[in-house]
Amino acid sequence: MISAMKTRSLLTAMMFAAFTATGALAADKVTVPSEAPVAASEVPEGAIVVNIDKMKYDNTDLKVKVGDTVVWINQEVMPHNVDFKAGVVGENELKGPMLKKGESFSITFNEAGVYDYYCTPHPFMRGKVTVE
Ligand code: CO
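Residues numbered from 1 in each chain as written. Predicted model: local features only at pLDDT ≥ 70, side-chain atom pairs only at ≥ 80, totals over all residues. Heavy atoms only, no water.

Asks: Describe the packing of aromatic side chains, and please don't skip the residues or the numbers.
Replies: In total, this model carries 6 aromatic pairs according to the counting rule given. With a centroid separation of 4.8 Å and an interplanar angle of 80°, the aromatic rings of Y57 and Y117 are classed as edge-to-face. Placement of the pair is Y57 in strand β4 (residues 56-57) and Y117 in strand β10 (residues 113-119), with a sequence separation of 60 residues. The residues Y57 and Y117 share a single accessibility class, namely buried. Judged by centre distance (5.2 Å) and plane angle (80°), the ring pair of W72 and Y117 falls under edge-to-face. (Phe/Tyr/Trp six-rings, centres within 6.5 Å; stacked < 30°, edge-to-face > 60°. Helix = DSSP H or I, 4+ residues; strand = E, 2+ residues; numbered from the N terminus. Buried < 20%, exposed > 50% of the residue type's maximum accessible area, 1.4 Å probe, protein only.)

In structure tokens, the structure reads:
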């Protein structure tokens, strides 16, 4: 049986997770253009894309410029996301939505730095974006 206190902290944690997913608390280092997944067909030509396939990010050491937007596209049936631990893009975790096959999620990097991320359900899936 779950105590009332435990239930409350669980609810708080869930609300917090939902809030951080919006990027609203991620402060200024990054901007999240859309909290919800966007169809890969909507990704503009020439976008900086990291494809996700076969349980891997296809570019785990991406270098971009300040102001660039990086788009992650899931190419396989297994759902994946990108998750930046607390302190990486801001004070709080930035947990991207789970992407189904053919869905994308974008982040605009507003500050130089090194941004490590991983896939929430598959923590061995890792990558990094270096913003110069
Ligand atoms: Co994954």
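After presenting the structure, the write-up continues.
Asks: So what's going on with unusual backbone geometry? Which residues, and what values?
Replies: Across residues other than glycine, the phi torsion is negative in most instances, and most of the peptide bonds are trans. Positioned with a positive phi, K54 is a non-glycine residue whose angle comes to about 50°. Mapped onto the fold, K54 is located in the loop between β3 (48-53) and β4. The phi dihedral of M55 falls on the positive side, at around 60°, and the residue is not glycine. In this structure, M55 sits in the loop between β3 and β4. Residue M55 is classed as partly exposed on the basis of its relative accessible area of 25%.

Asks: So what's going on with the pattern of salt bridges? Which residues, and what values?
Replies: Tallied over the entire structure, the rule returns 2 salt bridges. K54 is the salt-bridge partner of D53, the closest N and O atoms lying 3.8 Å from each other. With a relative accessible area of 65%, K54 lands in the exposed category. Linking K63 and D61 is a salt bridge whose minimum nitrogen-to-oxygen distance equals 3.5 Å. The exposure class assigned to D61 is partly exposed, which follows from its relative accessible area of 38%. (Salt bridge = Lys/Arg side-chain N within 4 Å of Asp/Glu carboxyl O.)

By themselves these figures say nothing about function.
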